[in-house]
Amino acid sequence: MATFLVTGGCGFIGSHLCAALRANGHGVRVLDDLSSGSEANLVPGSTFLLGDVCQPMALREALDGVDGCYHLAAIASVQRGEREWLVTHRTNLSATVALFEAARGRGIPVVYASSAAVYGSTGALPLHEDSVVRPLSAYGADKLGCEQHARVAGHVHGIPTVGLRFFNVFGPRQDPTSPYSGVISIFCDRLLRTQALNIFGDGQQTRDFIFVEDVVRALLAAMARADTTAPVFNICTGQGTSVLQLAALVADLCGVKAEIIHQPARAGEVRHSIGSPLRAREYLGLGSTVAIRDGLEATLAWMREGRPGLAPSAHSGLSARAPIRQGR
Ligand SMILES: NC(=O)c1ccc[n+]([C@@H]2O[C@H](COP(=O)([O-])OP(=O)(O)OC[C@H]3O[C@@H](n4cnc5c(N)ncnc54)[C@H](O)[C@@H]3O)[C@@H](O)[C@H]2O)c1
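Since we're looking at a predicted model, the values are computed, not measured.

Parameters at a glance
Residues numbered from 1 in each chain as written. Predicted model: local features only at pLDDT ≥ 70, side-chain atom pairs only at ≥ 80, totals over all residues. Heavy atoms only, no water. Helix = DSSP H or I, 4+ residues; strand = E, 2+ residues; numbered from the N terminus. Rg over C-alpha atoms; globule rule 2.2 N^0.38 Å. Buried < 20%, exposed > 50% of the residue type's maximum accessible area, 1.4 Å probe, protein only. Salt bridge = Lys/Arg side-chain N within 4 Å of Asp/Glu carboxyl O. Near = heavy atom within 4 Å. Polar contact = N/O pair within 3.5 Å; in protein donor to acceptor, adjacent residues only side chain to side chain. Areas by Shrake-Rupley, 256 points an atom, 1.4 Å probe, with all protein chains shown as cover. Nonpolar A, V, L, I, M, F, W, Y, C, P; charged D, E, K, R; others polar. Phe/Tyr/Trp six-rings, centres within 6.5 Å; stacked < 30°, edge-to-face > 60°. Lys NZ or Arg CZ within 6 Å of the ring centre and 35° of its normal. Axes fitted to C-alpha atoms, helices over the stretch in contact; angles between N-to-C directions. Parallel < 35°, antiparallel > 145°, perpendicular 65-115°, else oblique. Left-handed = near helix turned anticlockwise from the far one by under 90°. Contact = heavy atoms within 4.5 Å. pLDDT = per-residue confidence, 0-100.

Describe the overall build of the protein chain, naming the residues involved and giving the relevant values.
Of the regular secondary structure elements, the protein chain holds 10 helices and 14 strands. In terms of overall size, the protein chain behaves like a compact globule, its C-alpha atoms giving a radius of gyration of 19 Å where 328 residues would be expected to give roughly 20 Å. With respect to the principal axes defined by its C-alpha atoms, the protein chain has extents near 55 × 45 × 40 Å. For the protein chain, buried positions account for 52% of its 328 residues.

Please set out unusual backbone geometry residue by residue, giving values where relevant.
Leu125 connects to Pro126 through a cis peptide bond whose omega is 0°. Considering the arrangement of structural elements, one finds Pro126 in the loop between β5 (110–115) and α5 (138–157). Positive phi, close to 50°, is recorded for Thr194, a residue that is not glycine. The topology assignment puts Thr194 in the loop between α6 (183–192) and β8 (197–200). The backbone phi angle of Ala230 is positive, close to 55°, even though this residue is not glycine.

Describe the pattern of salt bridges, naming the residues involved and giving the relevant values.
The tally for this structure, following the rule as stated, stands at 14 salt bridges. Between Glu84 and Arg80 there is a salt bridge, and its shortest N-O distance comes to 3.1 Å. Looking at Glu84, the relative accessible area reads 27%, which means it is partly exposed. Salt bridges sharing common partners tie together Arg80, Arg83 and Glu84.

I'd like a description of the site of the ligand, backed by residues and values.
Surveying the vicinity of the ligand reveals 29 residues, the closest of which are Ile13, Asp32, Ser36, Leu72 and Tyr139. Within the side chain of Ser36, one N or O atom sits 2.7 Å away from an oxygen atom of the ligand. Within the contact set of the ligand, an oxygen atom lies 2.9 Å away from a backbone nitrogen or oxygen of Leu72. Burial of the ligand by the surrounding chains reaches 92%, relative to a free accessible area of 830 Å². Those elements giving two or more residues to the shell around the ligand turn out to be α1 (12–23), β5, α5 and β7 (168–170). For the shell around the ligand, the leading source of residues is β5, giving 3 residues. Broken down by class, the residue content of the shell around the ligand amounts to 14 nonpolar, 10 polar and 5 charged.

So what's going on with α6? Residues and values would help.
Of the positions making up α6, those classed as buried are Ile184, Ser185, Phe187, Cys188, Asp189 and Leu191. In the stretch just after α6, Thr194 is the one whose phi turns positive, near 50°.

Lay out the packing of aromatic side chains in plain terms, naming residues and giving numbers.
Going through the model one piece at a time under the given rule, you end up with 5 aromatic pairs. Both rings, one in Phe233 and one in Tyr283, keep their centres 5.9 Å apart while their planes meet at 40°; by these two values the pair is tilted. Separated by 50 residues along the polypeptide, Phe233 in strand β11 (residues 232–235) and Tyr283 in helix α9 (residues 278–284) bring together distant segments of the chain. Classification of Phe233 by relative accessible area gives buried; the value is 4%. Stacked on the ring of Phe200, the Lys or Arg Arg266 has its end atom at 4.2 Å from the ring centre.

Requested: an account of the packing of helix α4 (residues 85–103) against α5, with residues and values cited.
Between α4 and α5, the least distance of the axes is 9 Å, while the angle of their chain directions is 15°. The angle between α4 and α5 falls in the class roughly parallel. α5 is crossed by α4, and the crossing has right-handed handedness. When α4 is examined against α5, the residues Trp85, Thr88, His89, Asn92, Leu93, Thr96, Val97 and Phe100 are found in contact with a partner set consisting of Ala138, Tyr139, Asp142, Gly145, Cys146, His149, Ala150 and Ala153.

If you had to explain the confidence of the model for the protein chain to someone new, which residues and values would you point to?
Confidence in the prediction for the protein chain averages 92 pLDDT; 94% of positions are at 70 or higher. Contacts from residues 312–328, a stretch scored under 50 in pLDDT, to residues over four places away or in other chains number 42 contacts.

Can you lay out the packing of α6 against helix α10 (residues 292–304) for me, pointing to particular residues and giving the numbers?
Each packed pair of helices is defined by two parameters, the angle between the axes and the distance between the axes. Viewed as axis vectors pointing N to C, α6 and α10 meet at an angle of 55°, and their least axial separation amounts to 10 Å. It follows from the interaxial angle that α6 and α10 lie oblique. Considering only the axes of α6 and α10, their crossing is right-handed. Residues Ile184, Ser185, Cys188, Asp189 and Leu192 of α6 lie in contact with α10, whose contacting residues are Leu296, Thr299, Leu300, Met303 and Arg304.

Written out as structure tokens, the structure reads:
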């Protein structure tokens, strides 16, 4: 049994990871400032540190005695990066450097979240880890920066890392009410309420949607592959689904006809994003991924149940709650 620090463990992906780590008998420590995550997502039996990943002291304390760190905390929003460039840069890149600095000399392996946004619009599909990277957003540029600093972390400071380039992740606990929510949670939410769907542009743009359980499997497997050569892996299915196909699929599962309102295309939006999962499958030993229809059914079931979080309301299962830093 090991103990892992999960930054961003109150968020969508982080909460699923914490649940899997606990189910495997590991100790879990969560560092989160609850800026987009929720206390209701805290996994019973985990230790919660309310704090900001931009604070070196908070990071040092959070890393004390852990066997590995999953770094997921970020402002996961391309749009917010446009509006608040410097603020998002601090969380999305400076904090990762601060984390590597805090891990330096302690031999703590770090698995961190990168993104398909590092590729930008680079032409040939599917996107391979060796494809040209040309991010089109501050968010993507910061994620690429994380990968480059991970290389420095390994090469100069001997810190083992793995970067996972998540494509479009979906599943239960992805908040459909967030202004930065993924298209799947928004479509599911609106179609369950029989509301019209807004689609930017012609809806033929494609994405590689991956169910959160597959992402968690990749995160768990990646810890053992952390290395000072700083490998990165695509975490994707290899299958593209257009936004119009997605709308039809969700409408079918909801038993409604989707009313679609086309909005002007968004400037700078990547047209097609489909990744190759082959390297991750080979190196991380991952099997086939959950079919999009099955993942959508699980997501809709969670919404129909009233979107429960993980924790009992009184947080009685938590072993400790020790705020170590408040605010930024
Ligand atoms: N969801 C996706 O489709 C997707 C795709 C590519 C990459 N990613 C990356 O995966 C990771 C997890 O994404 P998610 O979808 O679970 O997002 P999320 O917003 O649900 O989770 C992020 C968590 O980080 C916390 N956080 C943010 N800033 C913080 C700070 N300064 N200090 C401490 N905690 C902070 C939030 O409160 C939240 O709990 C992120 O790094 C994101 O960039 C996600």
